[in-house]
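# Coordinate inspection notes
Single-letter residue listing:
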Amino acid sequence: MLLFDALSETAEFARRWVPFCKKYSVEPRAPEFYFSEKMDYLKDKVQPTFVKDRRAMKREYEEFKVRINALVAKAQKKPEEGWVMQDGTPWPGNNTRDHPGMIQVYLGSEGALDIEGKELPRLVYVSREKRPGYQHHKKAGAENALVRVSAVLTNAPFILNLDCDHYLNNSKAVREAMCFLMDPQIGKKLCYVQFPQRFDGIDRHDRYANRNVVFFDINMKGLDGIQGPVYVGTGCVFNRQALYGYDPPASEKRPKMTCDCWPSWCCCCCGGGSRKSKGGKKKGLKSLLGIGKLYSKNKKKMMGKHYTRKSSAAAFDLEEIEEGLEGYDELEKSSLMSQKNFEKRFGMSPVFIASTLMEDGGFPEGNNPSSLIKEAIHVISCGYEEKTEWGKEIGWIYGSVTEDILSGFKMHCRGWKSVYCTPKRAAFKGSAPINLSDRLHQVLRWALGSVEIFFSRHCPLWYGFGGKLKWLQRLSYINTVVYPFTSIALLAYCTLPAVCLLTGKFIVPTLNNLASVWFIALFLSIIVTGVLELRWSGVSIEDWWRNEQFWVIGGVSAHLFAVFQGLLKVLAGVDTNFTVTSKSADDAEFGELYLFKWTTLLIPPTTLIILNMVGVVAGVADAINNGYGSWGPLFGKLFFAFWVIVHLYPFLKGLMGRQNRTPTIVVLWSILLASIFSLVWVRIDPFLPKQTGPILKQCGVEC
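Summarised in this report is the structure supplied together with it.

What counts as what
Residues numbered from 1 in each chain as written. Predicted model: local features only at pLDDT ≥ 70, side-chain atom pairs only at ≥ 80, totals over all residues. Heavy atoms only, no water. Helix = DSSP H or I, 4+ residues; strand = E, 2+ residues; numbered from the N terminus. Buried < 20%, exposed > 50% of the residue type's maximum accessible area, 1.4 Å probe, protein only. Contact = heavy atoms within 4.5 Å. Areas by Shrake-Rupley, 256 points an atom, 1.4 Å probe, with all protein chains shown as cover. Salt bridge = Lys/Arg side-chain N within 4 Å of Asp/Glu carboxyl O. Axes fitted to C-alpha atoms, helices over the stretch in contact; angles between N-to-C directions. Parallel < 35°, antiparallel > 145°, perpendicular 65-115°, else oblique. Left-handed = near helix turned anticlockwise from the far one by under 90°. Nonpolar A, V, L, I, M, F, W, Y, C, P; charged D, E, K, R; others polar. Phe/Tyr/Trp six-rings, centres within 6.5 Å; stacked < 30°, edge-to-face > 60°. Lys NZ or Arg CZ within 6 Å of the ring centre and 35° of its normal.

### Let's talk about the overall build of the chain
A count of helices and strands for the chain gives 25 helices and 11 strands. Taking all 703 residues of the chain together, the buried fraction comes to 43%. Put simply, 78% of the contacts in the chain that link residues at least 6 apart link residues at least 24 apart. Only carbon and sulfur atoms are counted for the fraction: they give 60% of the accessible area of the chain, which is about 39600 Å².

Put into structure tokens, the structure is as follows:
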């Protein structure tokens, strides 16, 4: 109910805001960020009416915010009899888990114009049907429902996908995406155009690597040179046809060389006349069925069968195809009857199926808007996806909380390509969790999704061989699903320095000259590769170092938990529910940065810090007791221990908070685990050789 009323207020405000933005080329188009920007808003403005209109618009926006705040305050307490709409009828969605599908068109319909009388972009409220006993598939299911509704109501050929916490920062970004998708050479083979994620409200030093610049400015640019960047769930413009499970069009072959020196009667003997008559027969068949230019020249493959797409906007009925099959050969019958299989792929909606065959978008003229609304409600019903390919081969793929990686992977396996678009002015901006606990839970969700894909049939290690996925692209997808498992080795690497200091043993064996040369060469090659990546991408050393630090922090906490949760889900069927990450600060600027929220993800990194600190103290104390000769080997051990502590330093600052003290519960749990580990290690003592055979003792006088 809150969203329904808020969209109604938003539609009314948009009638004034959209003309203002177009008239004065306002950037960004989000009013909250436009009016709060600390900048010279008079720069490049030459129209005398701008200042007056801006003041009036700001007053309108402040009044709009007050109305929205009133709706939020009203929604805090639900009436006992449930919500009631303005006309007095009960709100159909009072039971959030059991309600019918609802659609309300606010803008873009007849009469919904701006204050200047111009047409506005369409704004539609969609609430899919919810019933007990049905699996709704969370975000992926909602996105698939929106794809079907938009196909029935407007059927635009391209779809912009944004998270609810993102806003348009560059109004020309969509136009830049169109430059790729409408390119005559590569446009038909592109499944999506991905933009990098940029964020507002992050602390200056980016303590927890929220900007993730190494991934967005190095990895994604590298993938752009193979088959394209991976889909990251937001900031993406899709080719609608790629979401429907079609293969990209085959590359057109060069026409064969012909010779016009032969007489015309020779061409008839060579079969030219038969081709003409065959084409005439097909043309007559299409005329009979009344479907115009239904079939394009290039057939599309989907699910191992050939399907064709429509290049014009003529309507057709599936039953009409079946009625006119008599008198034609089996090849033509199979080609036409395959259209009936669309119902098994896309569901029982002739209007939606017709829209999937329209390559250039649009829908037949003369349709009744009320009938389209009824059809749109039908395609968001609970049972619509049953016994169809939705979530399996079509739309956003189900089976993982990171449906973005899985959906993009399926498109690339079919041979589609993607493009990475990085305009100078960030296309979209959003919010990021700057709080330590929220950030770790976000990383846990991503890692859990990767583990789910690893144990599914869509794992890049074995899925899609024989398809059109390039080998280097496959390696990149393999990396996206196996990285959580590196947490096991990383945990061992972060523990061993403390073990060495506590036991007096060293983890690195003595190397000969040749092995030392190979070790140094490998180490230098890694450094040179990192430096070249930084120089090529423009990423600063500070951003790279923050990324390295949080890779260790997330690896020994969120990634480790994701591996065990994934194993529990696969082996024991124990499902884990993720929580939506909090991404807003309430009090002062960066207030969330210092807010402590208890979570078990904090225990492993804290334990490692305590272990390594205790190991440093024990190692230095042992060196002081044993004299000058023990200081040399100690420095190597201290180097590895301090290396672990330095990587975990942002985590330590997050634990301290603004008051620079760690919560008691975290300290107690960590000390307990560190003590248990130390006692067990001393009891096992794996570095001492175990004696075999009889135990020999020193003989005395009576030996």
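### Some details on the pattern of salt bridges
Side-chain pairing between opposite charges can occur once the charged atoms of the two side chains come close. Considering all chains together, one arrives at 21 salt bridges under this definition. Residues Arg15 and Glu12 are paired through a salt bridge, measuring 3.3 Å at the closest nitrogen-oxygen approach. Residue Arg15 and its partner Glu12 are located together in helix H1 (residues 2–24), separated by three residues, close to a single helical turn. Between Arg211 and Asp206 there is a salt bridge, with the nearest N and O atoms lying 3.8 Å from each other. Three or more residues joined by partner-sharing salt bridges are found here, namely Glu12, Arg15, Arg16 and Glu60.

### Some words on the packing of helix H15 (residues 403–413) against helix H17 (residues 471–482)
Remark: H15 packs on H17, axes separated minimally by 12 Å, with the N-to-C direction vectors making an angle of 165°. Between H15 and H17, the angle falls in the class roughly antiparallel. Between H15 and H17 lies a crossing of left-handed hand. Every residue of H17 that contacts H15 at Ile405, Gly408, Phe409 and His412 is listed here: Gln473, Tyr477 and Thr480. Residues belonging to the contact of H15 with H17 are distributed by class as follows: three nonpolar, four polar and no charged.

### Here we look at the packing of aromatic side chains
The geometry of an aromatic ring pair comes down to the distance between the two centres and the angle between the two planes. Taken as a whole and assessed by the stated rule, the structure comprises 40 aromatic pairs. Residues Phe195 and Phe428 carry aromatic rings whose centres are separated by 5.4 Å and whose planes lie at 85° to one another, so their mutual orientation is edge-to-face. With a gap of 233 residues between them, Phe195 in the loop between strand S5 (190–194) and strand S6 (198–200) and Phe428 in strand S11 (residues 428–431) connect regions that are remote in the sequence. Neither residue differs from the other here; Phe195 and Phe428 are each classed as buried. A ring pair is formed by Phe352 and Trp390, whose centres lie 5.7 Å apart and whose planes are at 45°; its orientation type is tilted. Of the two residues, Phe352 is situated in helix H13 (residues 350–356) and Trp390 in the loop between helix H14 (369–379) and H15; the sequence distance between them amounts to 38 residues. On the basis of relative accessibility, which here comes to 0%, the residue Phe352 falls in the buried class. Taking relative accessible area as the criterion, Trp390 reaches 2% and is therefore assigned buried. Of the aromatic side chains, those joined through ring pairs into one cluster are Phe13, Trp17, Phe20, Tyr24, Tyr34, Phe35, Phe50, Tyr61 and Phe64. Lying over the aromatic face of Trp390, Arg148 brings its terminal NZ or CZ to 4.8 Å of the ring centre. A cation over a ring is seen here: Arg474 above Trp471, with NZ or CZ 6.0 Å from the ring centre.

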